[in-house]
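Analysis of the macromolecular model
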Amino acid sequence: MRPNIRALDGLLHICYDLPHRVHTAKSYPLPSPNGSTIFVYGHEQGLRVVWRGGRAFKHQPMAMEKKPTSNNASEGAIMIIDSDEEAPEKSEQPPYHDNPDFEEEDGEFDVSEPYDPVVQTLDLSLGVEVLHLDFPRLPADAQRSSLESLPILFSQKLVLAVACSDCSVRILLVPLLPPSPQSMYRLELRNTASNLVIGKSVFGEQMFVLSSGTTHRSIPKSVSITMTSTPPEDLKDVGMADDDTSSKKPDLRRNVSRSASRSRSRSRLGDHQWDLLIASHSADLSGLLLIHRIPILVGEAGLSPELHIPWRTQYLASPTVSVYFNSALYPASRHSQLLIAEAKGVVRILDCLPQSKAAEGSWRLSLYTDFETLQDSKSRRKPILDAQWVLGGKAILALLADGKWGVWDLENAGPKPTDGTNPLWSTSVEPLTKFALQGWVGDPLKSRTLLKSSSTNTEKISKLAPMTPGTRKIKQQALFTEPTPQSDGPMRGGLSVSPVHDASKTRADDEAVLAWHGSTVAVIPSLFIHWQNKARGSGNLFGSGAKGEPKMVYNIQPGGESCKEASLMPSSHRLGSAKDEATHPDILVTGDHRLVIVTSPIAEPQMPFSPPSPLLSSTTDQQLLTRGDLDVNGMDRILAGMSKSQTTPTRSSPSLSHTNGNIFLVS
């Protein structure tokens, strides 16, 4: 994948031209063991996994193949022909085990290519179009220690759920390590297509099709995946027993028993039965929501091969725009809450694992947008383009069709003013319909002017006078002149949320947010800092380099194509690089046949400071030069002395003769 690079406003737009039509692209939350950032995009034939940056493969010469003779026999071989015996059966080859070998350090910095190159790509042909994909929410780099209590599946495999054009939902497992070049050019793979088939693995990948029981009859519009667990039955009994006994003992013994119960719970977290929760929805009838629950194999990097029947089936009031599981991880009680965003201006929350064990889950809350007045004086709620969880699943971020975004603070998790008073929206349940924090993608005045101009033009067209020479002239000018830019049909947009990988961040649930609307992208490097500046009236007024201020990227057009999707990429820093932590986050933009990565150029690595070596006299340099033992530093000292002698004519004659001697020796 050789990119085309364009520099604009201090950012690099790295464009990759692709041979197929792209539908969706997202980045995996965890890096590869070699340090590469992984992103996956779905196209008209399947998937492509791309490893970008990190340590490269060690150069190993390819094994030379023996050229066969004309009769496909090696030279000097004896051929025995026996017509009475049958041909021997071909023995099955053992499965291929790839063992990629990487360099111990990053490659040398190239000034002409100040960006992370593509290390490896893997094409997975499914035979159908992949329209939507999603990854499970996993701990950030700063919380990788919590992966020890998770199944071994997430430390070895890339887990993703995809929605295909044949109305199916599939789960794919791909190794986190990129395949080595030797495995990509194996002899048995050169003449065969690497089609991904159920039950067969070429590079260690696996696929599971959720096609049993009730299925979608139309193409799914979105898919979401998370992980949950079923604790042992006696764990709850142990906790209840500890509480009963602690109530009859002093406070000191009560605290000891509770701490012991917590430690036992953490130690037994790995003994839980872990499952994958997959939610998909389609426009069947008024809207069909299917939730699958697939067990994860204990001690293995795989899933249960049993028939995967929908665990819950829910019919919705209207078709949805997107569904997302809560970004909180198990054992948080809200980890199974599902956000359902409807285009008509409502966001609903469904608890898939309610305490009452209801068959269809329990609806927890409904949030509504504000009203807007249409051209015919009718009012409706503002349509929603996308909605996602933020602040660790304690708030919801929504993007509206007019380019406005806002945050519903469900648990009063936002920052508080400096005077200690609570915000107005936290005093009652009714103000939950109002945004606790809001903003615009791009220029709000321009967006409002565009909406007003489009409505005014429509009113003028509907109230045209009968055909006259004057109106005929106006219509002719409208036919042969370029129309003013206005939105024809629904505007496209979306959201992307990524944890902040910064050890100095103020909160563990702080996140970076990307909102794109049309061809404009707004990036907030730290949502909590931005919210805090708004609540306390502080921060940089002009937003020049402030970490909490939105950064706008205009005219995002992949090679002239329209933007289909934009998302944040996990930042990757080279060792020893001087890349600033406050630089622009990497953005992955999806076009029809192109992918664009908007990133800050990598700064040249700074060499470690070394104290200067003691100065040697010019006589010593001459002696070393005569013997042929003078190093590069000595040559630099001689050349520096020559330049000083030429630029300083007031030197004494001995120094000039000494310099002349140096010139003679060098020549």
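All of these numbers come straight from a predicted model, not from anything done at the bench.

This brings us to the nonpolar core. Core analysis: the biggest nonpolar cluster contains 45 residues, and Leu47, Ile171, Leu276, Ile278 and Leu303 have the highest contact counts within it. Aside from chain neighbours lying at most four places away, what touches Leu303 is Leu153, Ile171, Leu173, Phe208, Leu276, Ile294, Pro295, Ile296 and Leu297. Among the nonpolar cores identified, the runner-up in size contains 19 residues, and Val390, Val441, Val513 and Ala522 belong to it.

Here the focus is unusual backbone geometry. Of the consecutive residues Tyr330 and Pro331, the connecting peptide bond is found in the cis state with omega at 15°. Its identity as a non-glycine residue notwithstanding, Asp9 has a phi of 55°, on the positive side. If you trace the backbone, Asp9 turns up in the loop between strand E1 (4-8) and strand E2 (11-17). At Asn412, a position not held by glycine, the phi torsion is positive, near 55°.

Attention shifts here to the sheet that holds strand E6 (residues 118-125). On the basis of which strands lie adjacent, the open sheet formed by four strands has the order E3-E4-E5-E6 and antiparallel pairing. Looking at strand neighbours, the two that pair on one side only are strand E3 (22-27) and E6, the edges of this open sheet. Shown here is a sheet whose adjacent strand axes are inclined to one another by a mean of 15°, direction ignored.

Scanning the entire structure with this criterion turns up 19 salt bridges. Ionic pairing is found between Arg293 and Asp275, a salt bridge with its closest N-O pair at 2.7 Å. With a gap of 18 residues between them, Arg293 in strand E13 (residues 288-295) and Asp275 in strand E12 (residues 273-282) connect regions that are remote in the sequence. When the shortest N-O distance is used, the salt bridge between Asp370 and Lys434 registers 3.8 Å. Residue Asp370 is found in the loop between strand E18 (362-368) and strand E19 (371-373), and its partner Lys434 is found in the loop between strand E23 (404-409) and strand E24 (437-440); the two are separated by 64 residues along the sequence. Salt bridges linked by common partners bring Asp17, Glu561 and Arg594 together as one network.

Most of E13 is tucked away, with six of its eight residues classed as buried. Note: E12 against E13, eight bridges, orientation antiparallel. By the bridge assignment, Ala279 is partnered in E13 with Ile291. Where E12 hands over to E13, the hairpin turn is made up of five residues, of which Leu285 adopts a positive phi near 55°. Pairing of E13 with strand E14 (residues 312-315) involves four bridges; the strand directions are antiparallel. The partner of Leu289 across the bridge, within E14, is Gln314.

The rules behind these values
Residues numbered from 1 in each chain as written. Predicted model: local features only at pLDDT ≥ 70, side-chain atom pairs only at ≥ 80, totals over all residues. Heavy atoms only, no water. Core = buried A, V, L, I, M, F, W, Y, C linked by side-chain atoms within 4.5 Å. Buried < 20%, exposed > 50% of the residue type's maximum accessible area, 1.4 Å probe, protein only. Contact = heavy atoms within 4.5 Å. Helix = DSSP H or I, 4+ residues; strand = E, 2+ residues; numbered from the N terminus. Pairing = 2+ DSSP bridges. Axes fitted to C-alpha atoms, helices over the stretch in contact; angles between N-to-C directions. Salt bridge = Lys/Arg side-chain N within 4 Å of Asp/Glu carboxyl O.

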